[in-house]
Structure formats: C-alpha cells, structure tokens
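Below are the chains, spelled out letter by letter.
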Amino acid sequence: MRNAQSTLAVDVRSDGPTVLVRLDGELDVTSSPLLQAVVDQALATRRQPLCTRLVVDMSGVGFADASGISPLLLARAVLARRDGRIELRRCRRAMLRLVRLLALEDMLAAEGPPVG
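Residues numbered from 1 in each chain as written. Predicted model: local features only at pLDDT ≥ 70, side-chain atom pairs only at ≥ 80, totals over all residues. Heavy atoms only, no water.

The subject of this paragraph is the pattern of salt bridges. Tallied over the entire structure, the rule returns seven salt bridges. For Arg13, the salt bridge identified is with Asp11, shortest N-O distance 3.2 Å. For Arg13, a relative accessible area of 53% gives the class exposed. Across the salt bridge formed by Glu87 and Arg53, the nearest N and O atoms sit 2.9 Å from each other. Here Glu87, found in strand E4 (residues 85–89), pairs with Arg53, found in strand E3 (residues 53–64); they are 34 residues apart in sequence, far enough to count as distant. We classify Glu87 as buried; its relative accessible area is 9%. (Salt bridge = Lys/Arg side-chain N within 4 Å of Asp/Glu carboxyl O. Buried < 20%, exposed > 50% of the residue type's maximum accessible area, 1.4 Å probe, protein only. Helix = DSSP H or I, 4+ residues; strand = E, 2+ residues; numbered from the N terminus.)

In the structure shown here, the tally under the stated rule is one cavity of 30 Å³ or more. Its boundaries defined by the atoms lining it, the largest cavity holds a volume of some 30 Å³. Taken together, Val21, Leu35, Val38, Val39, Ala42, Leu54, Val56 and Leu72 form the lining of the largest cavity. For the lining of the largest cavity, the secondary-structure elements that each account for two or more residues are helix H1 (32–42) and E3. (1 Å grid on protein atoms, 1.4 Å probe; cavity = no way out; pocket = protein on both sides within 12 Å on 5 of 7 lines; lining within 4 Å. Points joined across faces, edges and corners; volume = space filled by probe spheres on them.)

Before going further, it helps to examine the pairing of strand E1 (residues 8–15). As judged from the eight bridges shared by E1 and strand E2 (residues 18–27), these two strands associate in the antiparallel manner. Counterpart to Leu8 in the pairing with E2 is Gly25. Two successive antiparallel strands, E1 and E2, enclose a turn made up of two residues, where Gly16 displays a positive phi of approximately 65°. (Pairing = 2+ DSSP bridges.)

Our next topic: the nonpolar core. As a rule of thumb, soluble globular proteins bury nonpolar side chains together. Counting residues in hydrophobic clusters, the biggest one holds 32 residues, and the most contacted among them are Leu23, Leu27, Leu54, Met58, Ile86, Leu88 and Met95. Sorting the residues of this core by element identifies E1, E2, H1, E3, helix H2 (66–81), E4 and helix H3 (93–101) as the ones contributing at least two each. If near-sequence neighbours (up to four positions away) are discounted, Leu54 is found in contact with Val19, Val21, Val39, Ala42, Ala75, Leu79, Arg85, Ile86 and Glu87. (Core = buried A, V, L, I, M, F, W, Y, C linked by side-chain atoms within 4.5 Å. Contact = heavy atoms within 4.5 Å.)

Below you can see the structure in the form of structure tokens.
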C-alpha cells in the first residue's frame, strides 16, 4: 500500500493477535496519514482476534521524524490498555537515534545490532 503523496510503502500481515507491519521509505508529515490508517485498521476493535502485539519492521525506513512516528506512539497507548505492546524491529542507526532522543527505548525489540 502506498499513498500518492507519501514516500512510504507499507506491507501488513496478520498472525492471530500479532500484526506485522513492514515499512519502506520515510516517516514524516506526508506519510503519517498513511501509517495512521494502517495502524487504525490493525488495531480496530472489530478485528478478530483483537491485536495485542504490533511488530513494525523498520529496516526499510531511511528517515523518520516525530510527526512520522506519531501513529506508532498512538498504537503504543492503545496496546498498553490491552496489555499488549508494540515492537520496533531492525531499526537503522538514524531511527535508533530518534527513538533514544524521544526516550522510546521500551518500543525496541531485543535483537542484534542495528541495520545500516
């Protein structure tokens, strides 16, 4: 899925209560609405089974800013109310810097060294 104005491509797969989202491109003000729509659909209360774990593969994200990751922060809040969690995986160094700057390390999945 890609928005005409966005520089972000999104691939979504479900496995029971876990939803895997793979991002490729930039997370910024132009891609935020697309990511918000994807997150809203993944976390919809009518979805069965209800999503309690959102895994986001960030290996394709070359740039991110606070406006671009805001949908992920909203997802974290929704999932926390469900006793669930969001996991950011395979973050590149630039994304890791932003995550640390914003004190969001709790969203990082335990894994090996960063990509790129």
